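Below are the chains, spelled out letter by letter.
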Amino acid sequence: MPITVKKISEDRYLAKLTLPDMKAVKAEWSTADPLSADQLVNELLSRGCHPIDIADAMSEQDPKWIEKSPDRHKTTWPFDPTS
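Below is a summary of the structure that appears in this document. (Residues numbered from 1 in each chain as written. Predicted model: local features only at pLDDT ≥ 70, side-chain atom pairs only at ≥ 80, totals over all residues. Heavy atoms only, no water.)

### What about helix α1 (residues 37–46)?
Each α-helix turn comprises 3.6 residues. Residues three or four places apart therefore point the same way. For the record, the criterion: Categorising residues by exposure relies on relative accessible area from a 1.4 Å probe, with only protein chains included: less than 20% of the type maximum marks a residue as buried, more than 50% marks it as exposed, and the intermediate range marks it as partly exposed. Going along the chain from the N terminus, every DSSP run of H or I of four or more residues is numbered as a helix, and every run of E of two or more is numbered as a strand. Think of it as the arc spanned by the lines of direction from the helix axis to the C-beta atoms. By definition, residues are in contact when any of their heavy atoms lie within 4.5 Å.
Taken residue by residue, α1 has Ala37, Asp38, Leu40, Val41 and Leu44 as its buried positions. The arc that holds every buried residue of α1, seen down its axis, measures 165°, which confines them to one face. Packing partners of the buried residues in α1 comprise β1 (3–9), β2 (12–17), β3 (29–30) and α2 (51–61). A positive phi of about 95° marks Gly48, the residue just after α1.

Listed below in structure tokens is the structure:
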């Protein structure tokens, strides 16, 4: 999977982005410091990742991540993956 997420505390995550089959992603990337779910989602969206790929990667590490996200209904998150 081109997005790898690691949950390191209740609401902080590290991530690594690789290039295999994501045409919109132009460069590999990884977090320098732990990020909240909202920060990580927004960072990955800004780097060209598809929302479904993000939701899949986040859910592998923390199935309830979206419930912890105070910004989950903002326009930066195009859909609610829990529905």
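### As for the sheet that holds β2
Within a sheet, neighbouring strands are paired by backbone hydrogen bonds and run either parallel or antiparallel to one another. This is how it is decided: Pairing between strands requires that DSSP locate at least two bridges from one strand to the other.
Ordered by their spatial adjacency, three strands build an open sheet running β1-β2-β3, and the pairing between neighbours is antiparallel. The outermost strands of the open sheet, each flanked by one partner alone, are β1 and β3. Here β2 pairs with β3 via two bridges, running antiparallel. Across the sheet, residue Lys16 finds its bridge partner in β3, namely Ser30.

### Looking at the packing of α1 against α2
Operational definition: Every angle, taken between N-to-C directions, lies between 0 and 180 degrees, and every axis is a line fitted to C-alpha atoms, over only the stretch in contact when it is a helix. By convention the crossing between two helices is left-handed if the near helix lies anticlockwise of the far one by an angle smaller than a right angle, and right-handed if it lies clockwise. Ten residue types, Ala, Val, Leu, Ile, Met, Phe, Trp, Tyr, Cys and Pro, are classed as nonpolar, four, Asp, Glu, Lys and Arg, as charged, and the remainder, Gly among them, as polar.
Here α1 crosses α2 at 145°, and the two axes come no closer than 10 Å. For the pair α1 and α2, the crossing hand works out as right-handed. Contacts between α1 and α2 involve Ala37, Leu40, Val41, Leu44 and Leu45 on the former and, on the latter, Pro51, Ile54 and Met58. Among the residues forming the contact of α1 with α2, the class breakdown is eight nonpolar, no polar and no charged.

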